[in-house]
Each structure stands twice: as structure tokens, then as C-alpha cells.
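# Fold and geometry: a report
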Amino acid sequence: MFLYKDWDKFCIKLFEMGISSIPVRDLLREDINKNRFISLKHDVETNPKRALKLAQIEKKHGHLGTYYVQGYLLKNNKNIEILKSIQELGH
């Protein structure tokens, strides 16, 4: 079972190990340090609220993730607002 506290611990451990996160959109940029990095990828298939919680945890620890969203979720205005909140966090 997935627990948010475990994701929080994971993000802390990445920081402690000196591993940065790079969103997929930045992987081909030449001006980034690619020595120790990870790309955090999330598939948002059913619940944007849960994705927002992950995004907030990642942001708290200086990480940025990439969130792939199922198209049908964009038919709901509330989902769009939540997804915009994720984007505003820098993800």
C-alpha cells in the first residue's frame, strides 16, 4: 500500500544522497547537471487530488515531477483546476 509519508521519506532520501530531480521536459537541455538525477514520473489516471498531494510533497523537498494525465480527466473543471495547481508548483 502506498503512503504519502513514505513518499515524503523517499524525497528526503533523494536530497540527502545529492540526487536532484529533472522533469522529462528538461532531460535534453544541455545546461543541467546530469551526474546524479532522477526523473519522477506519475500517471494520473483517476484522482488528480492525490497527484496534487504528491506534487506538494515533491515541491517541499525541491523536487519536480512529470505528471501524465488521462484525457478524460480534462472534461471536469475541478480536475483542470487541480492540475493547474500542480503546474503552478513547477511540475
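The following paragraphs examine the structure supplied in this document.

As a further point, take the overall build of the chain. Summing up its helical and strand segments, the chain has 3 helices and 4 strands in all. When the helices and strands of the chain are read in sequence order from the N terminus, they spell out α-β-β-β-α-β-α. Compactness check: the chain gives a C-alpha radius of gyration of 14 Å against a globular reference of 12 Å for 91 residues, within 12% of the reference. Principal axes of the C-alpha set define a box for the chain whose edges measure 40 × 30 × 20 Å. Across the 91 residues of the chain, 33% fall into the buried class. Nonlocal contacts in the chain, meaning residues at least 24 apart in sequence, comprise 68% of its contacts between residues at least 6 apart. Put simply, the chain shows about 6400 Å² of open surface, and 53% of that area lies on carbon and sulfur atoms.

Relative to the 18 Å expected for 13 residues at 1.5 Å per residue, helix H1 (residues 4-16) spans 18 Å between its end C-alpha atoms, a close match to the ideal helical length. Within the span of H1, buried status applies to Trp7, Asp8, Cys11 and Leu14. The arc enclosing the buried residues of H1, seen along the axis, measures out at 120°, which places them on a common side. Residues of H1 that are exposed and point more than 90 degrees away from the buried face comprise Lys5, Lys9 and Glu16. In this structure, the buried side of H1 is in contact with strand S2 (37-38), strand S3 (40-44) and helix H2 (48-60).

A few words now on the packing of aromatic side chains. Here the structure, examined in full by the defined rule, presents 1 aromatic pair. Arranged with centres 4.9 Å apart and planes meeting at 35°, the rings of Trp7 and Phe10 form a pair that is tilted. Here Phe10 and Trp7 lie together in helix H1, a separation of 3 residues that amounts to about one turn. We classify Trp7 as buried; its relative accessible area is 16%. The lysine or arginine in question, Lys53, covers the ring of Tyr4, its NZ or CZ lying 6.0 Å from the ring centre.

Attention now moves to the environment of Phe37. Within the secondary structure, Phe37 is located in strand S2. Residue Phe37 is classed as partly exposed on the basis of its relative accessible area of 33%. The spatial distance from the C-alpha of Phe37 to the C-alpha of Pro23 is 10 Å, given a sequence separation of 14 residues.

Within the structure shown, the criterion is met by 3 salt bridges. Taking the shortest distance from any N to any O, the salt bridge between Arg25 and Asp26 comes out at 3.9 Å. By relative accessible area, which is 53% here, Arg25 ends up exposed. Here Lys41 makes a salt bridge to Asp43, at a shortest N to O gap of 2.8 Å. By relative accessible area, Asp43 is classed as partly exposed at 47%.

Reading guide: rules and limits
- Residues numbered from 1 in each chain as written.
- Predicted model: local features only at pLDDT ≥ 70, side-chain atom pairs only at ≥ 80, totals over all residues.
- Heavy atoms only, no water.
- Helix = DSSP H or I, 4+ residues; strand = E, 2+ residues; numbered from the N terminus.
- Rg over C-alpha atoms; globule rule 2.2 N^0.38 Å.
- Buried < 20%, exposed > 50% of the residue type's maximum accessible area, 1.4 Å probe, protein only.
- Contact = heavy atoms within 4.5 Å.
- Areas by Shrake-Rupley, 256 points an atom, 1.4 Å probe, with all protein chains shown as cover.
- Expected span 1.5 Å × (residues − 1).
- Arc of directions from axis to C-beta.
- Phe/Tyr/Trp six-rings, centres within 6.5 Å; stacked < 30°, edge-to-face > 60°.
- Lys NZ or Arg CZ within 6 Å of the ring centre and 35° of its normal.
- Salt bridge = Lys/Arg side-chain N within 4 Å of Asp/Glu carboxyl O.

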